[in-house]
Each structure stands twice: as C-alpha cells, then as structure tokens.
Amino acid sequence: MDIQKNSSLKNYNTFGVHVACSTLVNLNSTEEAQAFVNIGLDKNKAHLVIGEGSNLLFTKYFDGTIIRMQNKGIELIDQNNKYVWIKASAGEKWDDFVKWSVENKYAGAENLSLIPGTVGAAPIQNIGAYGVELASIFNALEAIEIDSGKLHRFYLKELRFGYRDSVFKQKLKDKYIITAVILKLNKFPFFKIDYGNIAAELEKMTFENLNIGVIRQAVIQIRTSKLPDPKEMGNAGSFFKNPIVSKEKYENLKQLYPNLVAYPLENELFKLAAGWLIENAGLKGYSKGKVGVHKNQALIIVNLGEASGKEILEFSQDIQQKITEKYGLLLEREVYLI
Ligand SMILES: Cc1cc2nc3c(=O)[nH]c(=O)nc-3n(C[C@H](O)[C@H](O)[C@H](O)COP(=O)(O)OP(=O)(O)OC[C@H]3O[C@@H](n4cnc5c(N)ncnc54)[C@H](O)[C@@H]3O)c2cc1C
C-alpha cells in the first residue's frame, strides 16, 4: 500500500489536467484494499476509485481520497469444450488482457483492442468498440463494498449493462472497489468484421487465414490512425454519447438532414451518430482558447495546451448548447465529471 498526501493527479487523467487531491492511495491486492477501507479510509470525506483516468474530467481540487487498484494477474479459472473463464485483476491494463487472450487464441475481446484504461473500469461503462461490447464476454466481477469492506461477486444480470452504462454508473455508483473481472471467452473463434472500417482495413492487409490476431491488428491500425494519442494531445476519447431518439424525432431530422447517420434499435428507437451531428453543425476542428474539437474526430474534445478542467467543461457545454439549438436534442456526456 502506498499513500501520498496532496498528490498531483496530472499523470492520472488522460486530459492531462493539472489538479490535485488530498490523499492518493495505491492498493496492490484485494486484501490490502479490504484493510484500507476497513481502517485507513476517512469515510467522512469524499472518495473516488480511478483506473487510468481515461474517462474522467477533473474540474477542481479533489478534497478526499483517490483510490487506485494496482493488483495484477490474469489466470484461466475454468473451461469446458467451448469456453474458458478468465479472471483478470482490476489493475491490469485492459489492452494487456486483450493481447493475452488473443495470444492464447481465446476469442471475443479482439474488437476491443487498444481501448485505454484498466480491466477494473471496463464494466463501469460497458466499454464497446467495433460492434462489440464488454457485456458480450462478461461473466462476473468481484468488488469490495466501501461501506462494509465485504467482498461481493456480481454476475452478468446484476450489472444491468446498457449502452455505455451499468449499475455501477447508477444505483451502485462510487460504492464499490472492483478488484477483478471474470470474462467468458470462446475456444472457437467467430469473427465480427462487419462494423466500421474493419473489413476495409483487412482488404489492405496481407495474411493467409483470417484469425483473431489479424482482427486485433486491423483494429489497432484503425485506432492508431484515427484517434489522438492522449500522450500527445490530452483527451478522454468520445466526450459525448450517441443520442437515442424516437422514430418521430429521427424522421424529422432525416427530412431536414438527408445524410444523417443513424442506427435503428429495438422498440422503434434510433441511435444517432453524435460525431456526425457535431461535424454537420460545422464544429469539427472548432476551438476556443486552449480547448477544441479534434480536427478528424468530431466526438473527441482535446486539450490543446494547458487547459483547466473547468475550461474543458465550459467548452463542452458550449458544444451541447449549439447542438441543442441546431437539432433540438441534448448531447449527454460520456465522460465522468468530478
Ligand atoms: C483515446 C481514447 C479512446 C477511447 N476509446 C474508447 C472506446 O472505443 N470505447 C469505450 O467504451 N471507451 C473508450 N474510451 C474511454 C475509456 O478508455 C474507458 O471508459 C475505460 O474503461 C476507462 O478506464 P480507466 O481505467 O481509465 O477508468 P477511469 O477513467 O479512471 O474511471 C472511469 C470510471 O470507472 C470507475 N472505476 C475505475 N476503476 C474502478 C475500480 N477498480 N472499481 C470501481 N470503479 C472504478 C471510476 O470511478 C470512473 O467512474 C477511450 C478513451 C480514450 C482516451
């Protein structure tokens, strides 16, 4: 266990915002985490569990305890003739887990290659990319209840996964420290290449037989060519969620904007591409002071210099207002505001 007072969080948020907290704690095992919440944590003050800070926006000094799970380990805990159950510690990097699963020829996670962050954070917003969501390979997770210090196991149904959503963003928000995630992967590969540019990227590549390693490579190539690297330009990936609207709203917008990009969902609902809405409003590359909309990815807000969290927040509110004025709908934040 490592406890630091008045610690900077600049290296723990991918926006690169200069902000500090009163206490920062690194925990290396489930036992350490239990001991800390039982006797070390000041429960009268605020607390927040973070991973790599790739989905966070700090807007002010955090007067409380920031907890980082640093436990490591990936192990096969069960298998049958079709599936394997893999337990990955919360402190592992998500992409190290994906790399491990691909190297071991266990399928299901490859489309989620190169998503920044930790294993422990992956269930919080049900990470997703290229037509796959964590929910499709999730089996269970283990987490310590901060109030009682007790270790619980939560199974798929209890997570109430939705689009960038889970029970840990709703009823159980900030109440648990996730210590491990159990994923159910396939021994027999199946390929999901009908989403985004995967098929087009595969066309450009040379390989003998399609396999999950090739798909991972294609996803990595697409992501590195498209997305800004937070080490070079602070960002937290998609800043907003894709709005979900009624059929009536979709049809009204489609009439006004025939090129509108949208995906039909169940129950006559439609998911609109937020990036398209922003770009079509002329805001791609738009900037104000030290904050901007990325020049190639309209859904990503970037820190162009030493912007503060407050400046980034205000800029995002400006975008929200412009989108509401143009389309009559609200862009909800995907990034967690602190
Ligand atoms: C360039 C870039 C690209 C991205 N692309 C994608 C993408 O394709 N798809 C996608 O879904 N996301 C994407 N993201 C967002 C981000 O990578 C994910 O949300 C990721 O899961 C966040 O992991 P983290 O460890 O950084 O969590 P943090 O940002 O530190 O925390 C996120 C949330 O999880 C909670 N949390 C973290 N760890 C724990 C724990 N152990 N126990 C309990 N709660 C915890 C925090 O309290 C917070 O609410 C992208 C981000 C960037 C910067």
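Look up a bit, the structure's there.
(A) A look at the pairing of strand E7 (residues 83-89). Counting buried positions over the 7 residues of E7 gives 5, a clear majority of the element. Bridge analysis of strand E6 (residues 74-79) against E7 gives 5 bridges, and the strand direction is antiparallel. Bridging across to E7, Asp 78 finds its partner in Trp 85. Taking the residues between adjacent antiparallel strands as the criterion, E6 and E7 are bridged by 3 residues. Both E7 and strand E12 (residues 176-186) contribute to a ladder of 7 bridges, which runs antiparallel. In the strand pairing of E12, Trp 85 is matched with Lys 184.

(B) Quick peek at the side chain of Asn 55. Within the element layout of this structure, Asn 55 appears in the loop between strand E3 (46-50) and strand E4 (56-57). For Asn 55, a relative accessible area of 19% corresponds to the buried category. Engagement of the side chain of Asn 55 in a polar contact is seen with the side chain of Gln 125, the distance being 3.5 Å. What Asn 55 contacts, discounting residues up to four positions off in sequence, is Gln 125, Ala 236, Glu 334, Val 335 and Tyr 336.

(C) Broad picture of the packing of aromatic side chains. Evaluation of the coordinates by the stated rule reveals 13 aromatic pairs. Relative to Phe 168, the ring of Phe 154 lies with its centre 5.3 Å away and its plane at 80°, an arrangement referred to as edge-to-face. Placement of the pair is Phe 154 in strand E11 (residues 151-155) and Phe 168 in the loop between helix H3 (156-159) and E12, with a sequence separation of 14 residues. Between Tyr 257 and Trp 276 the ring centres are 6.3 Å apart and the planes differ by 65°, which places this aromatic pair in the edge-to-face class. Here Tyr 257 is found in the loop between helix H6 (247-256) and strand E15 (262-264), whereas its partner Trp 276 is found in helix H7 (residues 274-280), with 19 residues between them in sequence.

Rules used in this analysis
Residues numbered from 1 in each chain as written. Predicted model: local features only at pLDDT ≥ 70, side-chain atom pairs only at ≥ 80, totals over all residues. Heavy atoms only, no water. Buried < 20%, exposed > 50% of the residue type's maximum accessible area, 1.4 Å probe, protein only. Helix = DSSP H or I, 4+ residues; strand = E, 2+ residues; numbered from the N terminus. Pairing = 2+ DSSP bridges. Polar contact = N/O pair within 3.5 Å; in protein donor to acceptor, adjacent residues only side chain to side chain. Contact = heavy atoms within 4.5 Å. Phe/Tyr/Trp six-rings, centres within 6.5 Å; stacked < 30°, edge-to-face > 60°.

Spatial relationships are all this shows, so hold off on functional conclusions.
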